[in-house]
Amino acid sequence: MTYTKVAGLLLAAGQGARLGRPKALLEHAGERLVDRGVRLLEEGGCHPVVVVLGAATVQVRRAVTVRNPGWASGMGSSLRTGLAALPEEAEAVVIALVDQPFVRPEAVRALIASGAPVAVATYDGRRRNPVLIARPHFAGVAALARGDVGARPFLKAHPELVAEVPCPGDPADIDTPEDLRLLQAE
């Protein structure tokens, strides 16, 4: 399949409990992580980009923002909220997390180019984010997204649909004060 209309979905609703503040508000190299995530998806070929917010309310340029009133229940509700907000014309979506600032646009482009119904970025053979989901699977992903897990239960339940796509970059996430210190040192 060749995708011509791929939306981007940036999950940025969490409060960053281990970090002590919402990750969407963190900065790296003078850029908020939420803006960096939008740029990642745009430069990777996604349009529009939908950002799911919750713990923090922020203005985000070049993106549609939606608030997840159930953000405290975990990533699953944010994924459901974001999928529901995507435009009808989106054939697929690339889902990225706000706390992975070193994922590169090349990873997003590789997922889209795979043409797979479901594609997962891999780094050194390990599945990470971002993930591409074709529209026919939105409902199935949403149905299994509960608590603090996103698409993982769907991926496990449907291995026949999943293409692993080797990607460049670093999928490290910012979860703790130590992670933040390392980010700011770069």
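Keep in mind that this is a model prediction, so the values were computed, not measured.

Novice: In this structure, what is going on with the pairing of strand E6 (residues 92-97)? I would like to understand it.
Specialist: Counted residue by residue, E6 has six buried out of six residues, so it is predominantly covered. Burial along E6 is two-sided: the residues Ala92, Val94 and Ala96 and Val93, Ile95 and Leu97 are all buried. The pairing of E6 with strand E8 (residues 126-134) spans four bridges and is antiparallel. Residue pairing in the sheet places Val93 in a bridge with Ile133 of E8.

Novice: For this particular structure, what's the right way to read the environment of Arg146?
Specialist: Along the chain, the position of Arg146 falls in the loop between helix H4 (138-144) and helix H5 (152-157). In this structure the C-alpha to C-alpha distance between Arg146 and Thr122, which are 24 residues apart in sequence, comes to 23 Å.

Novice: Explain the packing of helix H1 (residues 33-44) against helix H3 (residues 105-114) here, please?
Specialist: When two helices pack together, their arrangement is given by the angle between the helix axes and by the axis-to-axis distance. Between H1 and H3, whose axes approach to 8 Å, the crossing angle comes to 45°. By the angle between their axes, H1 is oblique relative to H3. The way H1 lies across H3 gives a crossing that is right-handed. Mapping the contact onto sequence places Leu40, Leu41, Glu43 and Gly44 in H1 and Pro105, Val108, Arg109 and Ile112 in H3. When the residues that make up the contact of H1 with H3 are grouped by side-chain class, the tally is five nonpolar, one polar and two charged.

Novice: Where do I start with unusual backbone geometry in this structure?
Specialist: A negative phi angle characterises most non-glycine residues, just as the trans form characterises most peptide bonds. Here the amide bond leading from His47 into Pro48 is cis, since omega sits at -5°, within 30 degrees of zero. With respect to the secondary-structure elements, Pro48 resides in the loop between H1 and strand E4 (49-53). Each neighbour pair has its own omega, and for Asn129 with Pro130 the value is 5°, a cis peptide bond. With respect to the helices, strands and loops of the structure, Pro130 is situated in strand E8. Within the chain, Ala29 stands out as a residue other than glycine whose phi angle is a positive 55°. Residue placement: Ala29 occurs in the loop between strand E2 (27-28) and strand E3 (31-32).

Novice: Sorry, what's going on with the pattern of salt bridges here?
Specialist: Any two side chains of opposite charge can pair if their charged atoms end up close together. The tally for this structure, following the rule as stated, stands at nine salt bridges. Between Glu31 and Arg39 there is a salt bridge, with its nearest N and O atoms 2.7 Å apart. Salt bridges sharing partners connect three or more residues here, namely Glu31, Arg36, Arg39 and Glu43.

Calculation criteria
Residues numbered from 1 in each chain as written. Predicted model: local features only at pLDDT ≥ 70, side-chain atom pairs only at ≥ 80, totals over all residues. Heavy atoms only, no water. Buried < 20%, exposed > 50% of the residue type's maximum accessible area, 1.4 Å probe, protein only. Helix = DSSP H or I, 4+ residues; strand = E, 2+ residues; numbered from the N terminus. Pairing = 2+ DSSP bridges. Axes fitted to C-alpha atoms, helices over the stretch in contact; angles between N-to-C directions. Parallel < 35°, antiparallel > 145°, perpendicular 65-115°, else oblique. Left-handed = near helix turned anticlockwise from the far one by under 90°. Contact = heavy atoms within 4.5 Å. Nonpolar A, V, L, I, M, F, W, Y, C, P; charged D, E, K, R; others polar. Salt bridge = Lys/Arg side-chain N within 4 Å of Asp/Glu carboxyl O.

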